Amino acid sequence: ATGTVVLFGGSTRHGYLADTWTWDGTTWTKQAPATSPPARGLAPMTYDAATGTAVLFGGDVPGGQLGDTWTWDGTTWTHQAPTTSPSARDLAAMAYDAATGTAVLFGGFGDNKLFGDTWTWDGTTWTKQAPATSPPARSEGAMAYDAATGTAVLFGGDYTRGDHVHDLAGTWTWG
């Protein structure tokens, strides 16, 4: 809605960050919003065209994962308090589905396990979906919306079994 890309948080070797940056295609600008989420890394975020906001969910902090939802309107962050919400997690895949007007979140890692669940955000609350078929649980997948097919596309990710990390190369569509 503002014609910029927004970046929030992340981590360095010195710890987690809670800063907000915007990119206008030429310059990165550090923002100073009145309200911001707590510092975190590995949190999925997508632009919600239905509400004109960026949606941030969860992420990683020392000692575990977060399960909170925040929206960015181009000026400030707003903590959302939906009645239902995904479990705390990081490394989930998320994209905006223009066909349904919702943000779609899949998988991630939290509570020492991988998730294989699908959630949608309608600008007010999260709704757990129950698709007939679903990708295997994973973290670190990539998701984007394909306007040509009207679907959100999930690719790859990984899962850990024992001491081994296994890459996943499958492609899945939602919508």
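See the structure printed just above.
Figured I'd write up the structure that's included with this text. (Residues numbered from 1 in each chain as written. Predicted model: local features only at pLDDT ≥ 70, side-chain atom pairs only at ≥ 80, totals over all residues. Heavy atoms only, no water.)

**Quick notes on the overall build of the protein**
Now for step 1: For the protein, the count of helices and strands is 0 helices and 16 strands.
Now for step 2: Compactness check: the protein gives a C-alpha radius of gyration of 16 Å against a globular reference of 16 Å for 175 residues, within 12% of the reference.
Now for step 3: If one aligns the C-alpha atoms of the protein with their principal axes, the spans along those axes are about 40 × 40 × 35 Å.
Now for step 4: Within the span of the protein, comprising 175 residues, buried residues form 42% of the whole.
Now for step 5: Summarising the internal contacts of the protein: among those between residues at least 6 apart in sequence, 40% fall at separations of at least 24.
Now for step 6: A total accessible area of about 9000 Å² is found for the protein, and carbon and sulfur atoms account for 53% of it.
Now for step 7: For the protein, the centre of its 8 positive side-chain charges and the centre of its 16 negative side-chain charges are spaced 6 Å apart. (Helix = DSSP H or I, 4+ residues; strand = E, 2+ residues; numbered from the N terminus. Rg over C-alpha atoms; globule rule 2.2 N^0.38 Å. Buried < 20%, exposed > 50% of the residue type's maximum accessible area, 1.4 Å probe, protein only. Contact = heavy atoms within 4.5 Å. Areas by Shrake-Rupley, 256 points an atom, 1.4 Å probe, with all protein chains shown as cover. Lys, Arg positive; Asp, Glu negative; His and termini not counted. Charge placed at Lys NZ, Arg CZ, Asp CG, Glu CD.)

**A look at unusual backbone geometry**
Now for step 1: In this model, D111 sits at a positive phi of 55 degrees, which is unusual for a non-glycine residue.
Now for step 2: Despite not being glycine, E140 shows a phi value in the positive range, around 65 degrees.
Now for step 3: Take E140: it is sitting in the loop between β11 (126-128) and β12 (142-146).

**Looking at the sheet that holds strand β1 (residues 5-12)**
Sheet strands pair by backbone hydrogen bonding; their relative direction is either parallel or antiparallel.
Now for step 1: With antiparallel pairing, 3 strands are arranged side by side in an open sheet as β1-β2-β3. Each edge of the sheet is formed by a strand with only one pairing partner; in this case those strands are β1 and β3 (28-30). Each neighbouring strand pair of the sheet contributes to a mean axis angle of 40 degrees, computed without reference to strand direction.
Now for step 2: Pairing geometry for β1 and strand β2 (residues 15-23), over 7 bridges, is antiparallel. Bridging across to β2, L7 finds its partner in W21. (Pairing = 2+ DSSP bridges. Axes fitted to C-alpha atoms, helices over the stretch in contact; angles between N-to-C directions.)

**Describing the sheet that holds strand β6 (residues 64-72)**
Now for step 1: Strands sit in the order β4-β5-β6-β7 across an open sheet of 4 strands; the sheet is antiparallel. In the strand order of this sheet, the two ends are held by β4 (45-48) and β7 (77-80), each with one partner. Each neighbouring strand pair of the sheet contributes to a mean axis angle of 30 degrees, computed without reference to strand direction.
Now for step 2: Bridge count for β4 against strand β5 (residues 53-61) is 4 bridges, and the pairing is antiparallel. Bridge assignment links M45 to a residue of β5, and that residue is L56.

**Some words on the environment of A130**
Now for step 1: Here A130 shows up in the loop between β11 and β12.
Now for step 2: For A130, a relative accessible area of 77% puts it in the exposed group.
Now for step 3: For the pair A130 and T71, spaced 59 residues apart in sequence, the C-alpha to C-alpha distance is 25 Å.

**Some words on the pairing of β7**
Now for step 1: In this sheet, β7 lies alongside β6 in antiparallel orientation, the contact comprising 4 bridges. Among the inter-strand pairings, W72 is bridged to a residue of β7, identified as W77.
Now for step 2: The hairpin formed by β6 and β7 contains 4 residues between the paired strands, and G74 there has a positive phi angle of roughly 100 degrees.

**Some remarks on the nonpolar core**
Now for step 1: Judged by nonpolar contacts, V55, F57, A92, M94, A103, L105, W119, W121 and W126 together constitute the single largest core of 9 residues.
Now for step 2: Those elements that place two or more of their residues in this core are β5, β9 (102-110) and β10 (113-121).
Now for step 3: Setting aside anything within four residues of it in sequence, one finds W121 in contact with D48, V55, T69, Q80, P82, T102, A103 and W126. (Core = buried A, V, L, I, M, F, W, Y, C linked by side-chain atoms within 4.5 Å.)

**Quick word on the pattern of salt bridges**
Now for step 1: By the definition in use, this model includes 2 salt bridges.
Now for step 2: A salt bridge links D68 to R40; its shortest N-O distance comes to 2.7 Å. With D68 in strand β6 and R40 in the loop between β3 and β4, this pair connects stretches of sequence that are 28 residues apart. (Salt bridge = Lys/Arg side-chain N within 4 Å of Asp/Glu carboxyl O.)

So yeah, pure geometry; function would need other evidence.
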